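An overview of the molecular structure
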Amino acid sequence: EQLIVKAIATPQGNNSAIYYNSLGDAFRDQEKYPLALGAYKKAILLNPKNMIALNNLATLYLTGHKLDEAFEYYNRILALDPHNALAFFNIGLAHRDHGNKHLAYEFFIKAISAKNDFYQAHNAVGKLLADSKKWDEAKTHYQQAILHNNKSWDAWGLYSKTRINM
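Residues numbered from 1 in each chain as written. Predicted model: local features only at pLDDT ≥ 70, side-chain atom pairs only at ≥ 80, totals over all residues. Heavy atoms only, no water.

1. Considerations on the overall build of the protein
Note the threshold: Labels follow the DSSP assignment, with helices taken as runs of H or I lasting at least four residues and strands as runs of E lasting at least two, numbered in each case from the N terminus. Only protein chains enter the area calculation, which uses a 1.4 Å probe; residues under 20% of their type maximum are buried, those over 50% are exposed, and those in between are partly exposed. By definition, residues are in contact when any of their heavy atoms lie within 4.5 Å. Where accessible areas are quoted, they stem from the Shrake-Rupley method and a 1.4 Å probe; at the residue level, only the protein chains shown are allowed to cover.
Broken down by element type, the protein carries ten helices and zero strands. The burial tally for the protein puts 42% of its 166 residues in the buried class. Counted over contacts in the protein with a minimum sequence separation of 6, partners at least 24 positions apart contribute 40%. Within the structure as shown, the protein displays about 9400 Å² of accessible surface, and the carbon and sulfur contribution to it stands at 54%.

Dropping the structure here:
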């Protein structure tokens, strides 16, 4: 572990963004979040356009409830790729998890516009609509989620609830 920490701190050793991103993944999986942050930042320093490392860092910040930092990196992704469905979706999750359902809805819809078969985004929109008792609209999004992934058990279960509540 000390060698890994040293590798992050010094430019010696494997000096590629892919290496440091993989290292960040390993630290994240071991729940060593400060080390994962350092590895992802090093990957981005080596390749500022590394979308995977940018997303991993943003998601790690999001998981740690550091919204400003997460938004900073998701916005960097969108600056590189203005149609990045995953970035839109993750920004939507951040807004939803922090009680801003209106903004969450907007970003989930942007994710769907960027990638129509993004079943998780359809599922998330359906849930927001069902929470607002907009059963018909929710049902439509659950149907889309199921269409694009018929093993989306969340969508199947929530779709069934919309049929009961109609």
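Back to the write-up after that little detour.
2. Brief notes about the side chain of asparagine 90
Residue placement: asparagine 90 occurs in helix H6 (residues 85-97). Excluding its chain neighbours within four sequence positions, the residues that come into contact with asparagine 90 are Asn55, Thr59, Leu62 and Tyr74.

3. A closer look at helix H5 (residues 67-80)
Which entries qualify depends on this criterion: One less than the number of residues in a helix, times 1.5 Å, gives the span that helix is expected to have. Directions pointing from the helix axis toward each C-beta atom define the arc.
Compared with the 20 Å implied by 1.5 Å per residue over 14 residues, the 20 Å span of H5 between its first and last C-alpha is a close match. The complete set of buried residues in H5 reads Ala70, Phe71, Tyr73, Tyr74, Ile77 and Leu78. Angular distribution of buried residues about the axis of H5 spans 170°; they occupy a single face of the element. In H5, the exposed positions angled more than 90 degrees off the buried face are occupied by Asp68 and Ala79. Of the surrounding secondary structure, the elements contacted by the buried residues of H5 are helix H3 (33-46), helix H4 (51-63) and H6.

4. Observations concerning the packing of helix H7 (residues 101-114) against helix H8 (residues 119-131)
Formally: For helices, the fitted line uses only the C-alpha atoms of the stretch in contact; every axis is such a line through C-alpha atoms, and the angle between N-to-C directions lies from 0 to 180 degrees. Angle categories are assigned with fixed cut-offs, so that under 35 degrees is roughly parallel, over 145 is roughly antiparallel, 65 to 115 is roughly perpendicular, and the rest are oblique. Crossings are classed by handedness, with left-handed meaning an anticlockwise turn of the near helix from the far one by less than a right angle and right-handed meaning a clockwise turn. In this classification, the charged set is Asp, Glu, Lys and Arg, the nonpolar set is Ala, Val, Leu, Ile, Met, Phe, Trp, Tyr, Cys and Pro, and all remaining amino acids, among them Gly, are polar.
Between H7 and H8, the shortest axis-to-axis distance is 9 Å and the interhelical angle comes to 150°. Taken together, the axes of H7 and H8 lie roughly antiparallel to each other. The element H7 and its partner H8 pack so that their crossing is left-handed. Residues Lys101, Ala104, Tyr105, Phe108, Ile109, Ala111 and Ile112 of H7 touch H8, and the partners they reach there are Ala121, His122, Ala124, Val125, Leu128, Leu129 and Asp131. Of the residues belonging to the contact of H7 with H8, the class tally is eleven nonpolar, one polar and two charged.

5. Quick word on the nonpolar core
Stated precisely, the cut-off is as follows: Think of a nonpolar core as a cluster: buried Ala, Val, Leu, Ile, Met, Phe, Trp, Tyr and Cys residues, connected wherever their side-chain atoms sit within 4.5 Å.
If you look at the biggest cluster of nonpolar residues, it comprises 45 residues, and the most contacted ones within it are Leu57, Tyr73, Tyr74, Phe89 and Phe108. When residues of this core are traced back to their parent elements, those giving at least two are helix H2 (17-29), H3, H4, H5, H6, H7, H8 and helix H9 (135-148). In this structure phenylalanine 108 touches Phe89, Gly92, Leu93, Arg96, Ala121, Ala124, Val125 and Leu128, once residues within four positions along its chain are discounted.

6. Concerning the packing of aromatic side chains
To keep things clear, this is the line we draw: Here the aromatic set is Phe, Tyr and Trp, taking the six-membered ring for Trp, and pairing holds for ring centres within 6.5 Å; pairs whose planes are under 30 degrees apart are stacked, those over 60 apart are edge-to-face, and all others are tilted. When the NZ atom of lysine or the CZ atom of arginine is within 6 Å of a ring's centre and also within 35 degrees of its normal, the charge is said to sit over that ring.
Under the defined criterion, the tally for this structure stands at five aromatic pairs. When the centroid spacing of 5.0 Å and the interplanar angle of 85° are considered together, the rings of tyrosine 19 and tyrosine 20 count as edge-to-face. With a relative accessible area of 0%, tyrosine 20 lands in the buried category. Their ring planes at 40° and their centres at 4.9 Å tell us that phenylalanine 89 and phenylalanine 118 sit as a pair that is tilted. On the criterion of sequence distance, the pair formed by phenylalanine 89 in helix H6 and phenylalanine 118 in the loop between H7 and H8 is long-range, its members being 29 residues apart. Side by side, phenylalanine 89 and phenylalanine 118 carry an identical accessibility label, which is buried. Taken together, the ring pairs connect Phe89, Phe108 and Phe118 into an aromatic cluster. Above the plane of the ring of tyrosine 20 lies lysine 42, whose end atom (NZ or CZ) is 5.6 Å from the centre. The side chain of lysine 110 reaches across the aromatic face of phenylalanine 107, ending 4.8 Å from its centre.

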